[in-house]
Amino acid sequence: MEEIKRFEETHFNLFDLKAEYARRQRVIYENGKKGKHRLDTGEVTVNPNPTVLPQEIQKHIEQFENMKVTYLEQETKEKFLRSIISDPPVFVEQSNVEEIEAENKQKKANLKKQKAQVNEVQRQLDLLSRQLCADYEDLSTKAKGASEMSKEMETMQAEIDKLTKQEEALELPALEDPDMNLPAPELNRLADEYGKQKQEIDQTLVELTSQSIPQSREEHNQLKQEVSRLEKEKTRTENMAQEMVKLREEEMQKGRIHNETTAEWYRSLIHILEHILGISNFELTQQDHPQTKISFTYKDAHQVELLANSQTGELLSASLSNSNAENVQTILKQTKSLPPATQVQSFIRQALLS
């Protein structure tokens, strides 16, 4: 009896957990009696945004899990204490354990089924809340637009009424153009006629353009081909010029520029001789090979034309203006008796300088 009395007076930690259990359960205890839940006091405000529903559900799931652990802990301690302090003590047999396990298995199956149903309902609520949120935003936007449109319509109606009153009070003068004084139906008819005329004019312009464009395109293509040909010819000419410049530079490097200097000296010598002898318009023309034609004017009075063999120097024929033809032929016969290389010089000396 003393041990039982001492056990009853012993203070267990289980009693210290009562306040913590009450706090977790969100229950207010007053004088040992269960008070109202905080949801009944208006302390909780519901979030109007349905998109946060999954977060709220997850939060409550975590709270229920904590409550479940606490409940199982307290229930186990209570049963253990009752079993050891009861008179007579309660003994647990294997059959009792198996019976409880079978019962728990059935309850777990039912709980799992109900949990699946709850999850399905939760999923549907989530989808419905998201759809409701989107519909709410859409309806809010449309309502706002309708409200603004209604205000604009009221403003426009007021403006129309104002203009109508001004038109009634205003006396418009008659216009000189009779078409401007026509009623609205007649004006619409005239507008349709003018529109048809404009379409006909546009069609005519399209036809004229379609006839002239192919010819212009053909000319453009021809000009393009001609430009391409000229560009190719220009490129070829530039390449040839570059090659000639390159060859000339090479010739200059090799010392063959002496030929140009010699030719320039001969040209200068011819110019001096023309000035001394009174010769002008000197020309040397290649005829049928090997014939060469020599023509010049002597003292602006006699036109001399000679035909000689460019290889041997033999004088073949000669003519001299403003001179006796018989004398010219006589000098030519005399000259032909001389060596071929000296016939041209001898004829010029006898016919002109003697």
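Everything quoted here is computed from the prediction, not taken from an experiment.

Quick notes on the rules
Residues numbered from 1 in each chain as written. Predicted model: local features only at pLDDT ≥ 70, side-chain atom pairs only at ≥ 80, totals over all residues. Heavy atoms only, no water. Helix = DSSP H or I, 4+ residues; strand = E, 2+ residues; numbered from the N terminus. Buried < 20%, exposed > 50% of the residue type's maximum accessible area, 1.4 Å probe, protein only. Contact = heavy atoms within 4.5 Å. Salt bridge = Lys/Arg side-chain N within 4 Å of Asp/Glu carboxyl O. Core = buried A, V, L, I, M, F, W, Y, C linked by side-chain atoms within 4.5 Å. Expected span 1.5 Å × (residues − 1). Arc of directions from axis to C-beta. Pairing = 2+ DSSP bridges. Axes fitted to C-alpha atoms, helices over the stretch in contact; angles between N-to-C directions. Patch = residues over 30% accessible without salt bridge, like charges linked within 9 Å, V, L, I, M, F, W, Y side chains within 5 Å. Areas by Shrake-Rupley, 256 points an atom, 1.4 Å probe, with all protein chains shown as cover.

Participant: I'd love a proper account of the side chain of N309, names of residues and values included.
Facilitator: Of note, N309 is situated in strand β5 (residues 302-309). Judged by its relative accessible area of 18%, N309 falls in the buried class. Ignoring any residue separated from it by four or fewer positions in sequence, one finds N309 in contact with P290, E314 and L316.

Participant: I'd love a proper account of the pattern of salt bridges, names of residues and values included.
Facilitator: Overall, the coordinates contain nine salt bridges when judged by the stated rule. A salt bridge links E103 to K107; the nearest nitrogen and oxygen atoms lie 3.1 Å apart. One end of the pair is E103 and the other is K107, both in helix α4 (residues 94-169) and four residues apart, which spans about a single turn. Owing to a relative accessible area of 47%, K107 belongs among the partly exposed residues under this scheme. The shortest N-O distance in the salt bridge between D202 and K198 comes to 3.2 Å. Residue D202 and its partner K198 are both found in helix α5 (residues 184-254); the two are separated by four residues, about one turn of the helix. Counted as one network, the salt bridges with shared partners bring together E226, R229 and E233.

Participant: Now, about the nonpolar core: what can you tell me, with residues and values included?
Facilitator: Grouped together as the largest cluster of nonpolar side chains are 16 residues, with contacts concentrated most on F296, V304, L306, L315, F347 and L352. Elements represented by at least two residues in this core include exactly β4 (291-298), β5, β6 (315-320), α7 (325-336) and α8 (343-353). In contact with F296, other than residues within four places in its own chain, are I279, S280, N281, F282, H302, Q303, V304, I348 and L352.

Participant: Would you mind going over α7 in detail, with residue names and values included?
Facilitator: Every α-helix winds through 3.6 residues per turn, so residues three or four apart in the chain are directed the same way. The end-to-end C-alpha distance of α7 is 17 Å, a good match for the 16 Å that 12 residues give at a rise of 1.5 Å each. Among the residues of α7, those classed as buried are V328, I331, L332 and T335. All buried residues of α7 lie within an arc of 105° about the axis, which places them on one face of the element. Away from the buried face of α7 by more than 90 degrees, exposed residues E326 and K333 are located.

Participant: With reference to specific residues and values, describe the pairing of β5.
Facilitator: Side chains on a regular strand alternate between the two faces of the sheet. Where β4 meets β5, eight bridges bridge the pair, whose relative direction is antiparallel. Within β5, the residue paired with Y298 across the bridge is H302. Hairpin connection between β4 and β5: a loop of three residues separates the two successive antiparallel strands, and K299 in this loop has a positive phi of roughly 50°. Two strands pair when backbone bridges link them, and β5 and β6 are joined in this way by five bridges, in the antiparallel orientation. Counterpart to A308 in the pairing with β6 is L315. Connecting β5 to the next strand, β6, in antiparallel fashion are five residues, including G313 with a positive phi near 85°.

Participant: How would you explain the pairing of β4 if you had to name every residue and give the values?
Facilitator: Within β4, six of the eight residues are buried, which leaves it mostly tucked inside the rest of the structure. As judged from the six bridges shared by strand β3 (residues 279-286) and β4, these two strands associate in the antiparallel manner. Note that in β4 the partner of T285 across the bridge is K293. Here β3 folds back onto β4 in antiparallel fashion, the turn holding four residues.

Participant: Please give an account of the sheet that holds β6 that cites residues and values.
Facilitator: Two strands in a sheet stick together by hydrogen bonds in their backbones, pointing the same way (parallel) or opposite ways (antiparallel). With antiparallel pairing, four strands are arranged side by side in an open sheet as β3-β4-β5-β6. Every interior strand has two partners, whereas the edge strands, β3 and β6, have only one. Going from strand to strand, the sheet's axes swing by 10° on average, the running direction of each strand aside.

Participant: Lay out a nonpolar patch on the surface with the relevant residues and their values.
Facilitator: Together, V121, L125, L128 and L132 give the surface a local cluster of nonpolar side chains, amounting to about 360 Å² of exposed area. Secondary-structure assignment places V121 in helix α4. Classification of V121 by relative accessible area gives partly exposed; the value is 44%.

Participant: Go over the environment of S346 with me, naming the residues and quoting the values.
Facilitator: Locating S346 in the fold gives a position in helix α8. Residue S346 is classed as buried on the basis of its relative accessible area of 5%. Through-space distance from the C-alpha of S346 to that of K336 is 9.5 Å; in sequence the pair is 10 residues apart. If near-sequence neighbours (up to four positions away) are discounted, S346 is found in contact with T335 and L338.

Participant: Describe the side chain of S295, with residues and values.
Facilitator: Take S295: it is sitting in strand β4. When neighbours within four sequence positions are excluded, S295 is seen to be in contact with N281, F282, E283, Q303, V304 and E305.

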